[in-house]
Every structure is written in C-alpha cells, then in structure tokens.
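So you can see what is in the structure, the chains are spelled out below.
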Amino acid sequence: MQMAETIAVLLVFFIILGLSLMFYGTFQAGSVREAQKEQFEKEAIRIALLVSHLPEVVCSDNNQMTENCLDRLKLEAWSNLVAPGAPGDGPGTGGDEAFLFYQTDFRDSKVVVQEVFPETEQYIIYDNAPKDFKEMIPTYIPLTIRDPTKPPQSQSALGVLAVEVYR
Amino acid sequence: METDASEATAVSFPMIASLLQITRSVRLLSVSREDTKRTKAQVDVHFNWIFVLIIGAVILTFFLFVISRQKAVSDQRLAADVLADMELILTGQGISVGREDTVAIPELPLQFTCDDYGMLTMTRRIGNAVLFAPSSVESERLLTWTQEWDIPFKVSNLVYLTSPDIRYYLIYDPADDMATQFAKELNSSLPERMNKRMKSIREAITITDEGDDRVRLVYIFPAEERLTLPAGLRNLNDKAVSALAIRKDLAGADAYRGGASLGFYKKRGDQLEQDTIATPRGDRVGVYPSLGKGPLYGAVFADDFGLYECSMRKAIRRMKLIAMIHNQRANTLLTLASPRCVTYYSIAPFTSFALLNPDDLTNRIRAPGAVSELFSTAEILENLNRNTIRASCTTLY
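Small disclaimer: the values here were computed from a predicted structure and weren't measured.

Cut-offs used in this document
Every chain is numbered on its own, with residues counted from 1 as its sequence reads. To label them, take the chains in the order written and letter them from A, then take the ligands in the order written and number them from 1. Owing to the predicted nature of the model, reporting of local features is limited to residues with pLDDT of at least 70; listing and counting of side-chain atom pairs is limited to 80 or more, with chain, interface and lining totals taken over all residues. The side-chain quantities take in all heavy atoms of the structure and omit both hydrogens and water. Whether two residues touch is decided by their heavy atoms; if any such pair falls within 4.5 Å, the residues are in contact. Once two parts are joined, some of their accessible surface, as seen by a 1.4 Å probe, is lost; buried area is that loss totalled over both. Just to be clear on terms, a salt bridge is a Lys or Arg side-chain nitrogen sitting within 4 Å of an Asp or Glu carboxyl oxygen. Whenever two N or O atoms come within 3.5 Å, that pair is a polar contact, provided that in protein one can donate a hydrogen and the other can accept it, and provided that, for residues adjacent in sequence, both atoms are side-chain atoms. Strands are runs of DSSP state E lasting at least 2 residues, helices are runs of H or I lasting at least 4, and numbering of each runs from the N terminus. Under the scheme applied, nonpolar residues are Ala, Val, Leu, Ile, Met, Phe, Trp, Tyr, Cys and Pro; charged residues are Asp, Glu, Lys and Arg; polar residues are all the others, including Gly. Between any two strands, pairing holds if DSSP finds at least two bridges. Whenever a helix is involved, its axis is fitted only over the stretch in contact; in every case the axis is a line through C-alpha atoms, and angles between N-to-C directions fall within 0 to 180 degrees. Note on exposure labels: buried denotes an accessible area under 20% of the residue type's maximum, exposed denotes more than 50%, and partly exposed covers the range between, all computed with a 1.4 Å probe on protein chains only. The rule is simple: put a 1 Å grid over the protein atoms alone, call a set of points where a 1.4 Å probe fits but cannot get out a cavity, call an open set with protein on both sides within 12 Å along at least five of seven lines a pocket, and count a residue as lining if it has an atom within 4 Å of a point. Grid points are joined across faces, edges and corners, and a volume is the space filled by probe spheres set on the points. Reported orientations rely on four angle classes, namely roughly parallel under 35 degrees, roughly antiparallel over 145, roughly perpendicular from 65 to 115, and oblique for the rest. Handedness of a crossing follows from how the near helix is turned relative to the far one, being left-handed for an anticlockwise turn of less than a right angle and right-handed for a clockwise one.

Asker: Explain the interface of chain B and chain A to me, using residue names and the numbers behind them.
Answerer: Chain B puts 47 residues into the contact, and the matching count from chain A is 49 residues. When residues of chain B are sorted by the area they lose upon contact with chain A, N128(B), L321(B) and I325(B) head the list and together hold 15% of the total. Here chain B and chain A share six salt bridges between them. Residues E87(B) and R107(A) are paired through a salt bridge, measuring 3.0 Å at the closest nitrogen-oxygen approach. In this structure, the connection of chain B to chain A is made through 19 residue pairs in polar contact (both at pLDDT 80 or more). Contributions of two or more residues to the side of chain B that touches chain A are made by α2 (14–95), β4 (122–125), β8 (154–162), α6 (305–336) and α10 (370–390) of chain B. A breakdown of the residues in the side of chain B that touches chain A according to their chemical character gives 23 nonpolar, 12 polar and 12 charged.

Below you can see the structure in the form of structure tokens.
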C-alpha cells in the first residue's frame, strides 16, 4: 500500500517535471529564434556599414576618404571587377577570384548603388542573393555619388546604397 | 504432562484425537502467518528505503545533468554573444582609424586563427579584416587598436588586439643610436594602455616572470643572429613566451618601408627558436619584410608567424584588387583628361601593385628586389599624385 503511494507520488512528480521541461524547452526555442533574428539584423547593419566605408568605392582626394560619398569611376571599375565571370588582369586578380574574396565579407547579400538624381543609374556592387530564402532585411543609406570627370559644380549626384541581406 | 494426558485420551477416543490434531495444526498455522507478516513487513521497510535511495539518486543525477547542460548552454550562449559583439567591434574598428578601445569580455580563452576566431566551440569568420592578435587571449579586458595601411593609396584598416595580461618588452641596445631612436618611437606609437616596457639589452637578461599570461620580447636591431631567452622566463610554459626580431636589412633605408625584416621566434625549452612556415613551393620561411608602419606594429601583436603571414596575404590580395580599381579609374580619367593631366594618368604605375605576387615577399632569394621595387613604385605614385594636385587635376587616389 505504502509502496503504491510512493510510486503514485513519483509518477505525479515526473509528470509535473516533464511538463515544466516542455514549457522551458518551448520558451528556450523562442529565445533562440529571437537571438537568431537579432543576429541577422546585426549582420545587415554590419554589411551596410562595411560597404559604405570600402576604400574600393569611397570618394578619396589625396587619400582622404569622404564620408557617405562613392566615386562613380570606382563604382564602374568595381562592377567590372567583381561581376561573376569578369576577366581579371592575370591569375589571382579580378573576376571570380575577386567575387570570392568579397564573398567572405558580404556573404548572402545583394549590394546595389542607385543614382536617383539628376540621373537614374544602377551599379551592382555585389550579388549573391540566394534563390530560396526565409527572410530578407533591406537597409538603405542615402549618399552622394561623385563623378570626377564632370565640372566641380555638377560632380555630385544623389544616390542610395541598398543592402539586402538574406537568410 | 498435558500432552501425555491428551494422547491417552486420544487413544481412548479417536474422534477427540482428530479434533486435537486439527486444533494444533491451526495453532501452528496461525503462528507461521504472524511470522510471515512480520518478515514481510521487515522486507517492505528495507525495500522502501532502497527504492527511495534509487529514485533519489536518479532525481539527483537528472538535476546534476540538467545543471551541467545548462552551464554548457549558457557558456555557449555567452561565447556566441561575445563573438557577435566582437564581429561588430571588428567592423567598427575596421572603418575608423587610430581608434583605441578597451572591451570587457568574459575570461574564457579567445582563440585566433587565420580565417576565424572562436570561444569554446563557437567560431566566427574574420572575413577580409586584417587582424593582428596573439593566437590566444584569456583576459577580462581586450585592448583594440586601429591603424591605416596606405601604400601609398589606402588599402585597409589594420586591427590590432591584445590584453593587459600580455606584457611586451621593447629590447634595444643603448649604444646603437638608431635602435634607441626606433625603440622610443615604437614605444610612443603603440597604444598607451598596452602593457609595454622598454629595456636595454643588458637589462633584458634580468627579465623575470611577473605573473603575466604571456610575454612578448621585441628585439630592436639585435646584433646577434641567435636570440637569448632571459633566464627568468625559462620556467614558463613554451606557449607563454614569444619573440620578434626587427633586423635592419639595408643601412640608411627606412626600417618601416622595406628596410627591415621581421623574424618570429617561439620558446622551445630553454631557447628561442625561429618560427617558420612552409611555402607553396615547399621551402620554409620565417622572416617577413616590413611593409609599412601598420604591418610592423602588427608583427608586435601577432605572436605566430603563420597568423602574421596570413593576415598580410589578405592585405596584399586587397591591395592588388584596389590597385586594379585605381588603374581602371586612371584609364577612364585619361580618356577625358585635359592635356596637362594626361601624363599623370598615363604613367600611374598601379599595375605594378596589381601584379605583385605575395610569395615573392617572403622569398627574397628568388625575388630579391620585390620589396624595394614595391616602395620605389609607391614613391613614384606618391609624387605623381602630389603633382596632380599642383596641376589642379583629379587626384589618382
């Protein structure tokens, strides 16, 4: 009789323990998903920050980098260089090699610079957008696109840096 | 007596005898039932205790398991958070120059390899960030510092990491004016919060273990080929002591711009032995040329030659790509340039940078002029850029 009572108590105890563990597990899974989401948002900010400060495309005058300004000639050169299949100047330079080099930083993302005023033009900086994805975070940064071949008064144009990060 | 009487009666009356027999049997049976009950109760009590003990042990084991799992999970989560923050710190440091920060981190071993850095079992990719750090840091504080690498156009920001638990000794010969000057300059250039001391070559013999996690000896222009390990550091773990020898290659040449070589050393027993790596060609190298102030500072921070060479290889790959972009830009400028600017754009030697082979830098026997050529080309480019400003042309970089 006493034994049966003990077993019944234990049974109830383990049922309560199991339910608590299930509840805790669900809560934990939710917090992990939240952490992953937060991490993904951070990744989007990191890539946007990185692109807007790349010496490869940022305006420079005697090696002085200008904040929030991209050089049109550098953008054109970059587009030719990093585009998949683009020919390089030799082994280890340009083309797929260059794309792979920047892939370690930009991962699954698409980076586009769009000139919006006075003209509308688009430069694809990097495109590694996966066909199937769960989520995409776009980040837009307004900036100046400077064309050093034009007269000083018409060198600057208004543009937007669009960074789309996928997962 | 009673038995004898009853037996006598039984003999006389068989019926009564049978009744007596039954009564005795019943009595005996009831006695044995009571005994069984008592024994069973005793066994029950014992089994109950054993059962409680087993179940108690099972519950205790279960909770101990849950606690240990939870500790492991929370450690992993902490490591993941730290690494995620580290990634943002590295990005932040990578875009601002001359920044010096102290970051609080949990005192868990933070390991650095060529491609990634990790804590416990979690790792993060370094990407293209040019990072110079000890192979392992275990401290509550992480010191970060950033410098720019221009050659002469901007290539990348170099990020340096260390901890206050790593002590650096800048060892120089006071009789050698150049070494003294260089040591003083290096000491004032490195971050203020860095745990560093200047020591003359005579004082260096007396260096002892002061309880630091690691000790890095930086010998400035040492006269001897072999470096001597201070006796006070001989008892330390081999991984805790490393050295760098900055040797002047060419008299009169700028030590920062290709005029010096950087030799990496590791403690092995009672000696400092050169740290070498295998090249793709199969030979072993342990010396790297100084490619500017930033890379030279990097050699002070990185205690492993493999890590240093890998970081420099990344920086050079990036330099090649940026040189190609500048080259294309110069070509476009050339097509639209006014006659006074044409010369600068047509002779800008960006292609020399784009075609540089990183292997040539570590193998100066096969490619003896690679480094001096790089810096002379850099000088030409610097002059050309200066001239574009004088001629009111768009600058080359």
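The discussion continues.
Asker: Would you mind going over the sheet that holds strand β2 (residues 64–71) of chain A in detail, with residue names and values included?
Answerer: Either a parallel or an antiparallel arrangement is found when strands of a sheet pair, and the pairing is made through backbone hydrogen bonds. All names here are of chain A. Pairing is mixed across the open sheet formed by six strands, whose spatial order is β1-β2-β5-β6-β3-β4. Here the strands that pair on one side only, and so sit at the sheet edges, are β1 (58–61) and β4 (121–127). Pairwise comparison of adjacent strand axes, ignoring direction, gives a mean angle of 35° for this sheet. The pairing of strand β3 (residues 109–117) with β4 spans six bridges and is antiparallel. Paired with V113 across the bridge in β4 is Y123. Across the face of the sheet, helix α1 (residues 2–52) comes into contact with β1, β3, β5 (136–146) and β6 (156–166) while running at roughly 145° to β6. Together, β1, β2, β3, β4 and β5 form the strand contacts of helix α2 (residues 72–82), whose direction differs from that of β4 by roughly 45°.

Asker: Residues and numbers for unusual backbone geometry, please.
Answerer: Omega for the bond connecting F117(A) with P118(A) falls within 30 degrees of zero, at 5°, which places this linkage in the cis form. Within the secondary structure layout, P118(A) lies in the loop between β3 and β4. Put simply, I151(B) and P152(B) share a cis peptide bond, and its omega is -10°. Along the polypeptide, P152(B) turns up in the loop between β7 (141–150) and β8. Of note in this structure, L120(B) is not a glycine but carries a positive phi near 55°. Residue placement: L120(B) occurs in the loop between β3 (116–119) and β4. Given a relative accessible area of 42%, L120(B) falls into the partly exposed group. Phi at F221(B) takes a positive value of approximately 50°, unusual for a residue other than glycine. Within the secondary structure layout, F221(B) lies in the loop between β11 (214–220) and β12 (241–248).

Asker: Now, about the sheet that holds strand β1 (residues 100–104) of chain B: what can you tell me, with residues and values included?
Answerer: Residue and element names in this part refer to chain B. On the basis of which strands lie adjacent, the open sheet formed by four strands has the order β1-β7-β8-β5 and mixed pairing. With one partner strand each, in any of the chains shown, β1 and β5 (130–132) form the two edges of the open sheet. Between one strand axis and the next, the sheet turns through 25° on average, direction left out of account. Summarising the sheet, β7 and β8 pair through eight bridges and their orientation is antiparallel. Looking at β8, one finds that T144 is bridged to L161.

Asker: Report on empty space enclosed by the protein, specifying residues and quantitative values.
Answerer: All names here are of chain B. Across all of its chains, the model carries three cavities of 30 Å³ or more by this definition. If you add up the space inside the largest cavity, you get close to 80 Å³. T113, L131, A133, L307 and S311 are the residues nearest the centre of the largest cavity, which is lined by 13 residues in total. Where the lining of the largest cavity is concerned, the elements lending two or more residues are β5 and α6. In terms of residues, the lining of the largest cavity owes the most to one element, α6, which gives four residues. The class makeup of the residues in the lining of the largest cavity is 10 nonpolar, two polar and one charged. Taken together, P134, I166, Y168, R214, V215, R216, K239, A240, V241, S242, F301 and D303 make up the full set of residues lining the second largest cavity. Listed by contribution, the elements that provide at least two residues to the lining of the second largest cavity are β9 (166–172), β11 and β12. A total of three residues in the lining of the second largest cavity trace back to one element, the largest contributor, which is β11.

Asker: Please provide a residue-by-residue account of the pattern of salt bridges, values included.
Answerer: In this structure the tally under the stated criterion is 32 salt bridges over all chains. A salt bridge links K150(A) to E119(A); the nearest nitrogen and oxygen atoms lie 3.8 Å apart. In this pair, K150(A) is assigned in the loop between β5 and β6 and E119(A) in the loop between β3 and β4, connecting sequence segments 31 residues apart. The partly exposed category is assigned to E119(A), whose relative accessible area is 39%. Between R197(B) and E210(B) there is a salt bridge; the shortest N-O distance is 2.8 Å. Taken as a pair, R197(B) in strand β10 (residues 196–200) and E210(B) in the loop between α4 (201–204) and β11 lie far apart in primary sequence, 13 residues in all. For E210(B), a relative accessible area of 40% translates into the label partly exposed.

Asker: How would you explain the packing of α2(A) against α6(B) if you had to name every residue and give the values?
Answerer: Here α2(A) crosses α6(B) at 125°, and the two axes come no closer than 9 Å. Between α2(A) and α6(B), the angle is such that the two are oblique. Taken as a pair, α2(A) and α6(B) cross one another with a handedness that is right-handed. Contacts between α2(A) and α6(B) involve L73(A), K74(A), A77(A), W78(A), N80(A) and L81(A) on the former and, on the latter, L321(B), M324(B), I325(B), H326(B), Q328(B), R329(B), T332(B) and L333(B). Here the contact of α2(A) with α6(B) is composed, by residue class, of eight nonpolar, four polar and two charged.

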